[in-house]
Amino acid sequence: MISRTSAGHTIHHTMDRANTDPSTSMYTNVHGRTFTAQSTAYDLPADAQEHNRLNTQHNMLKALIDGLYFPPDLVKKALDPTDSSKRRGVMDVGAGSGIWAVEMAKEFPSAEVVGMDLVYPANLIFETLPNCRFEMGDANLDLGRYAGGFDVVHMRSVASGIKDFKALLHNVARTLRSQGVILLVSPTTRFYSETKELLQDQVEGMPGWSAMAAFNAISSHATMKRGGTGPTVCDRWVEWLTEMPFYTNVGERDFWIPIGPWKEDEYGWIDIGLDESERAAAELLRQVASEVISPMKLRLLEGGYDEDLIDRWTM
């Protein structure tokens, strides 16, 4: 699996702040799991169990890139408190469990950090930080109330809930100050062999076919039927950022992550020779991948997919 990160500067701009109290009408129950009722596109739960999984995913990515963000030089320069008369601002779009926003607030105590998502963090047990808050909002809608409010905007694993990612990039540019930085992070949702050959999802039982790739393909199809973006949207990020007049210094880097630090051969399970950070990321990704299957199965069953087929591919 690949985790892809892209970044760019803005050339641009009072921020109206709005808080909305959560209520039960904002949620829906699907086979015992809590999902947001605010969007039909986003396909994962919004409960404490899912936010615990997101924390594991956060720790996996942190181990992989050795920190909270990449590239570090651009972010640290954008948030340098000595370089501006204004207080620095950070926005996490699709904040999920809130862990990235909280850790950024700790690392940059002079910056104001805002986490925005369809729902509030379900199990935020961190201490209250004076420079961090969470707001409810839908990134598919206008972000005008945040115009010119931030020096760094971070979006991680939000693509499935976004109806028009190119339009979102345009809207985010309006929220960034001059020389601000946008950070985009997403898995590509493709699966590769250890020799980096693309695994197939089309014909079960044929050479190169992968049950995980097949399960992922129907999950992506179900997401698109609900109005979310396709699984390859991150392939277009650099193209879109480059062609927009707002962004300069656009870059991209792929990180390869094995799903687990071991492989099986005729002698049993053997180490695949990862370094310490890769091993930590691989083990955490194995956990994340196994935990995402259950809620995705619920959405697939809701969409009419065959339960026996899903079970066969995920056992």
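In case you missed it, the structure is sitting above this.
Residues numbered from 1 in each chain as written. Predicted model: local features only at pLDDT ≥ 70, side-chain atom pairs only at ≥ 80, totals over all residues. Heavy atoms only, no water.

**Focus on the overall build of the chain**
Broken down by element type, the chain carries eight helices and eleven strands. Out of the 315 residues in the chain, the part that is buried amounts to 50%. Here the chain has roughly 14900 Å² of accessible surface; of this, 52% comes from carbon and sulfur atoms. (Helix = DSSP H or I, 4+ residues; strand = E, 2+ residues; numbered from the N terminus. Buried < 20%, exposed > 50% of the residue type's maximum accessible area, 1.4 Å probe, protein only. Areas by Shrake-Rupley, 256 points an atom, 1.4 Å probe, with all protein chains shown as cover.)

**Quick notes on the environment of N55**
Residue position: N55 is located in helix α1 (residues 48-65). The spacing of N55 and S97 is 42 residues in sequence and 6.7 Å in space, taken between C-alpha atoms. Setting aside residues up to four positions removed in sequence, N55 forms contacts with S97 and I99. (Contact = heavy atoms within 4.5 Å.)

**Re the nonpolar core**
M155, F165, L169, V172, I182 and Y247 are the most contacted members of the largest nonpolar core, which has 29 residues in total. Sort the elements by how many residues they give to this core and helix α4 (residues 165-175) lands first, with five residues. Those residues within four positions of F165 in sequence are excluded, and the remaining contacts are M155, V158, A159, L184, V233, W237 and W240. Y69, L74, V75 and V181 belong to the second largest nonpolar core, which has 25 residues in total. (Core = buried A, V, L, I, M, F, W, Y, C linked by side-chain atoms within 4.5 Å.)

**A closer look at the pairing of strand β2 (residues 27-30)**
Sheet topology note: the β2/strand β3 (residues 33-36) ladder contains four bridges and is antiparallel. When the bridges of β3 are listed, V30 appears paired with R33. The hairpin formed by β2 and β3 contains two residues between the paired strands, and H31 there has a positive phi angle of roughly 50°. (Pairing = 2+ DSSP bridges.)

**A few points about the pattern of salt bridges**
Overall, the coordinates contain 14 salt bridges when judged by the stated rule. Between R312 and E204 there is a salt bridge, with the nearest N and O atoms lying 2.9 Å from each other. Here R312 is found in helix α8 (residues 307-314), whereas its partner E204 is found in the loop between β8 (176-187) and α5 (211-225), with 108 residues between them in sequence. For R312, a relative accessible area of 47% gives the class partly exposed. Here E204 falls in the partly exposed class, since its relative accessible area comes to 38%. One salt bridge connects K297 with E307, and the closest N-O pair in it is separated by 3.6 Å. On the criterion of sequence distance, the pair formed by K297 in helix α7 (residues 276-302) and E307 in helix α8 is long-range, its members being ten residues apart. (Salt bridge = Lys/Arg side-chain N within 4 Å of Asp/Glu carboxyl O.)

**So, the environment of D306**
Following the sequence through the fold, D306 ends up in the loop between α7 and α8. At 3.3 Å, the side chain of D306 and the backbone nitrogen of D308 are in polar contact. Among the polar contacts listed, one links the side chain of D306 to the backbone nitrogen of L309, at a separation of 2.8 Å. (Polar contact = N/O pair within 3.5 Å; in protein donor to acceptor, adjacent residues only side chain to side chain.)

**Let's talk about the packing of α7 against α8**
Two elements in contact, α7 and α8, have axes separated by 10 Å at closest approach and are oriented at 160°. Comparing their axes, α8 and α7 come out roughly antiparallel. For the pair α7 and α8, the crossing hand works out as right-handed. Facing I293, K297, L300 and L301 of α7, the residues of α8 in contact are E307, I310, D311 and T314. When the residues that make up the contact of α7 with α8 are grouped by side-chain class, the tally is four nonpolar, one polar and three charged. (Axes fitted to C-alpha atoms, helices over the stretch in contact; angles between N-to-C directions. Parallel < 35°, antiparallel > 145°, perpendicular 65-115°, else oblique. Left-handed = near helix turned anticlockwise from the far one by under 90°. Nonpolar A, V, L, I, M, F, W, Y, C, P; charged D, E, K, R; others polar.)

**As for the packing of aromatic side chains**
Going through the model one piece at a time under the given rule, you end up with six aromatic pairs. Both rings, one in Y192 and one in W256, keep their centres 5.0 Å apart while their planes meet at 70°; by these two values the pair is edge-to-face. Here Y192, found in the loop between β8 and α5, pairs with W256, found in strand β9 (residues 247-256); they are 64 residues apart in sequence, far enough to count as distant. For Y192, a relative accessible area of 22% puts it in the partly exposed group. (Phe/Tyr/Trp six-rings, centres within 6.5 Å; stacked < 30°, edge-to-face > 60°.)

**Some words on the environment of S294**
Position of S294 relative to the elements: it lies in helix α7. Under the relative-accessibility criterion, S294 is labelled partly exposed at 40%. Sequence-wise, S294 and L44 are 250 residues apart; in three dimensions their C-alpha atoms are separated by 9.9 Å.

**Some remarks on the side chain of R88**
Residue position: R88 is located in the loop between α2 (72-78) and β4 (89-93). Side-chain polar atoms of R88 contact the backbone oxygen of A78, separated by 3.1 Å. Contact partners of R88, with chain neighbours within four places excluded, come to K77, A78, L79, D80, D83, S110, A111, E112, D151 and R177.

**Here's the deal with α1**
Between its terminal C-alpha atoms α1 stretches 26 Å, which fits the 26 Å expected from 18 residues at 1.5 Å a residue. What α1 keeps buried is the set E50, H51, R53, L54, N55, T56, Q57, H58, M60, L61, L64 and I65. Of the residues one or two after α1, D66 is the one with positive phi, at around 60°. (Expected span 1.5 Å × (residues − 1).)

Spatial relationships are all this shows, so hold off on functional conclusions.
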